[in-house]
Amino acid sequence: MDSSSGNAVVIVFECDCFRLYSDGHVERTGGMDTVPAGFDAATGVTSKDVVIDAATGLAARLYLPAIQTAATTKLPVLVIFHGGYFVVGSPGNHNFHGYVNSLVASARVVAVSVDYRLAPEHPLPAAYDDAWAALTWAASGADPWLADHGDLGRVFVAGASAGANVAHNTAVAAGASATHAATPALAARIEGVILLHPSFCGEWRLEDEVEEFWQANKKRWAVIFPGATDGLDDPRINPMAAAGEPGLAKLAGKRLFVSTASKDPRAPRGRAYCEAVRASGWPGKVEWFETEGEGHCFFVSDHFSREAVALMDRVVAFVAGHS
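Residues numbered from 1 in each chain as written. Predicted model: local features only at pLDDT ≥ 70, side-chain atom pairs only at ≥ 80, totals over all residues. Heavy atoms only, no water.

You'll find the protein chain entered in an unreviewed UniProt entry as Alpha/beta hydrolase fold-3 domain-containing protein, with Urochloa decumbens given as the organism.

Have a look at this one:
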């Protein structure tokens, strides 16, 4: 019981990683394990941790694939955001770090895995603010790995689950920035957007959306984003809402890749998102890929399974421009 208000404090969302309470506090029970950066012998990828903004604590883990000494061709830059409901996770998470190592080696990219601030201690839009700061930092070539090896004219914005939500909103912000004097060229540098099992919600349940999941998701969003405008139809939560539709048409990038999984309760909104982008008049190419028989973000915990390899092949082809 919250003695100051007389209201009972109840669990509003619970999973195997955390319990989120109605008063805005959280008990994390998992999802915060980390492994150090360094050389990965299995992939030949090297990683290091950097601080982007000491004032906010914004940091990132940078990844560099094996580079031949005489190589002169620069590599695409991938800015990627981890998942975890906005509440848990980090670039150093054991599974996510392994996935990014594999992605960097397969796609031949220089990656910036962003360690954004987590809710509820830092409610949204803190993660969105951090994402924008990280994107502009990466696109400026602020680190020698980016300046020496990254093609700053070929930037990809990507994310998994909650991180895919962040990636979408970052791409929308980049598209809007095209008219801002401070960042006029940033949108033009973004070649593609990659959303892996994106997390969205809305005030109204979609016809094929699971009722129990939708209700639980609504409660979670209310706690982690208490300042959302229009409730769960805030365009950052529900880009398919009327307020979000104009932003879809201005999405940065020339190509969009969205993946879903048939057993993931988030899949209906991922499919609806693709349809909304196509209907918005966005001039780019939309590619949607659904994995049958798999659940949410299966590829992170088991990125060597047949289904995960198939998804990785699609992502690699997308980055290469072969999809």
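Asks: How do you make sense of the layout of surface pockets when you look at a structure like this?
Replies: Any space left empty among the atoms is revealed by the rolling of a water-sized probe across them. Of the voids in this model, the largest pocket is the one considered here, and its volume is about 590 Å³. Gly83, Gly84, Tyr85, His296 and Cys297 are the residues nearest the centre of the largest pocket, which is lined by 25 residues in total. Grouping the constituent residues of the lining of the largest pocket by class yields 11 nonpolar, 11 polar and three charged. (1 Å grid on protein atoms, 1.4 Å probe; cavity = no way out; pocket = protein on both sides within 12 Å on 5 of 7 lines; lining within 4 Å. Points joined across faces, edges and corners; volume = space filled by probe spheres on them. Nonpolar A, V, L, I, M, F, W, Y, C, P; charged D, E, K, R; others polar.)

Asks: Even after reading the chapter, I still don't get the sheet that holds strand E2 (residues 18-21), so can you show me in this structure?
Replies: Pairing between the strands of a sheet comes from backbone hydrogen bonds, and it takes one of two forms, parallel or antiparallel. A sheet is described by the order of its strands in space; here three strands give the open sequence E1-E2-E3, paired in antiparallel fashion. The open sheet has two free edges, formed respectively by strand E1 (11-14) and strand E3 (26-28), since each of these has just one partner strand. Shown here is a sheet whose adjacent strand axes are inclined to one another by a mean of 15 degrees, direction ignored. Helix-sheet contacts for helix H6 (residues 211-224) involve E1 and E2, and the interaxial angle to E1 is about 110 degrees. (Pairing = 2+ DSSP bridges. Helix = DSSP H or I, 4+ residues; strand = E, 2+ residues; numbered from the N terminus. Axes fitted to C-alpha atoms, helices over the stretch in contact; angles between N-to-C directions. Contact = heavy atoms within 4.5 Å.)

Asks: Looking at this model, I keep getting lost on the packing of helix H1 (residues 94-107) against helix H10 (residues 306-320). Mind explaining?
Replies: Axes are the key here: two packed helices are described by the angle between their axes and the distance separating the axes. Contact geometry of H1 with H10 gives a least axis separation of 9 Å together with a crossing angle of 50 degrees. Regarding the angle of H1 to H10, the classification is oblique. Taken as a pair, H1 and H10 cross one another with a handedness that is right-handed. When H1 is examined against H10, the residues Tyr99, Ser102, Leu103, Ser106 and Ala107 are found in contact with a partner set consisting of Met312, Val315, Val316 and Val319. Among the residues making up the contact of H1 with H10, the classes are represented as seven nonpolar, two polar and no charged. (Parallel < 35°, antiparallel > 145°, perpendicular 65-115°, else oblique. Left-handed = near helix turned anticlockwise from the far one by under 90°.)

Asks: I tried to follow the pattern of salt bridges on my own but got confused; where do I start?
Replies: A side chain of one charge can pair with a side chain of the opposite charge if their charged atoms are brought near each other. Scanning all chains against the criterion turns up 16 salt bridges. Here Glu290 and Arg271 are joined by a salt bridge, their closest N and O atoms 2.9 Å apart. You can see Glu290 sitting in strand E12 (residues 285-291) and its partner Arg271 sitting in helix H8 (residues 267-279), a full 19 residues away along the chain. In this structure, the salt-bridge partner of Arg306 is Glu307, at a minimum N-O distance of 3.5 Å. (Salt bridge = Lys/Arg side-chain N within 4 Å of Asp/Glu carboxyl O.)

Asks: How do you make sense of the nonpolar core when you look at a structure like this?
Replies: General note: in soluble globular proteins, nonpolar side chains tend to be found buried as a group. Trp221, Leu256 and Tyr273 are the most contacted members of the largest nonpolar core, which totals 72 residues. Broken down by element, the residue count for this core peaks at eight residues, all from helix H2 (residues 126-139). With residues near it in sequence (within four places) discarded, Trp221 still touches Phe86, Leu124, Tyr128, Asn165, Ser199, Phe200, Cys201, Leu232 and Ile237. Val109, Val300, Met312 and Val319 belong to the second largest nonpolar core, which has 29 residues in total. (Core = buried A, V, L, I, M, F, W, Y, C linked by side-chain atoms within 4.5 Å. Buried < 20%, exposed > 50% of the residue type's maximum accessible area, 1.4 Å probe, protein only.)

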